Amino acid sequence: MHARFYKAPSTFPFTQRIMPLINREIELKESISMMTDVSTQLPKATSNSKDSLLLGVSNVLDSWSKDRLKTIEVELQGLPAQMAAVQKEFEGPDVEESDMEDWDEDDDGENSEWDDND
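Every chain is numbered independently, its residues counted from 1 as its sequence is written. Predicted model: local features are reported for residues with pLDDT of at least 70 only, side-chain atom pairs are reported and counted for 80 or more only, and whole-chain, interface and lining totals are derived from all residues. Note that the side-chain values use all heavy atoms of the structure and ignore hydrogens as well as water.

(A) Inspection of helix H1 (residues 13-46) at higher detail. The terminal C-alpha atoms of H1, which comprises 34 residues, lie 50 Å apart, in line with the 50 Å expected from a rise of 1.5 Å per residue. Along its length, H1 shows its largest kink, about 30°, at Met19, and proline Pro20 lies within four residues downstream of that point. Turning to H1, its buried residues number three or more, namely Thr15, Ile18, Leu21, Leu28, Ile32, Met35, Ser39 and Thr46. The criterion used for residue contact is that any of the two residues' heavy atoms lie within 4.5 Å. The secondary structure listing takes helices from DSSP runs of H or I that are at least 4 residues long and strands from runs of E that are at least 2 residues long, numbered from the N terminus. Those residues of H1 hidden inside the fold are in contact with helix H2 (52-90). In this analysis, the expected span of each helix is defined as 1.5 Å times one less than the number of residues it contains. Note on bend: the value at a residue is the angle between axes fitted to the seven residues ending there and to the seven starting there. For every residue, the accessible area obtained with a 1.4 Å probe (protein chains only) is divided by the maximum for its type, and the residue is called buried under 20%, exposed over 50%, and partly exposed between those limits.

Okay, structure coming up:
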């Protein structure tokens, strides 16, 4: 009996390059959700206030959050192109269907290097 050891997916170069982009996308989407909540809830919370300082701060924060949302959305829109560039970098040459058929015919299923011969 022999043990097979496989590399953890997190050690693959592709995964190491793509994961920061995926994590950034998640972070940006969470920020959008939070900023959207702030933009909708803060004016409601301060609408009955007569305190001019509180209303001023609310307006500034609302304006800032809307501006920040635009910035985040621009960054988020750029991520698919960055991910596609990483994917293209790691893609191999295209395989013709006829090549795949030849490969399937050559593989008799016996003594494959992937077989688990215990």
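That was the structure; now back to the text.
(B) Region of the structure containing the pattern of salt bridges. What makes a salt bridge here is a side-chain nitrogen of Lys or Arg within 4 Å of a carboxyl oxygen of Asp or Glu, nothing more. Under the defined criterion, the tally for this structure stands at 5 salt bridges. Arg24 is the salt-bridge partner of Glu27, the closest N and O atoms lying 2.2 Å from each other. In this pair, Glu27 and Arg24 are both assigned in helix H1, 3 residues apart and thus about one turn of the helix distant. The exposure class assigned to Glu27 is partly exposed, which follows from its relative accessible area of 41%. Between Lys29 and Glu25 there is a salt bridge, and its shortest N-O distance comes to 3.5 Å. Taken as a pair, Lys29 and Glu25 lie in helix H1 at a separation of 4 residues, close to a single helical turn. We classify Lys29 as partly exposed; its relative accessible area is 45%. We classify Glu25 as partly exposed; its relative accessible area is 23%. Ionic contacts of the salt-bridge type, sharing partners, join the residues Arg24, Glu27 and Glu75 into one network.

Limitation: the analysis is restricted to geometry and does not speak to function.
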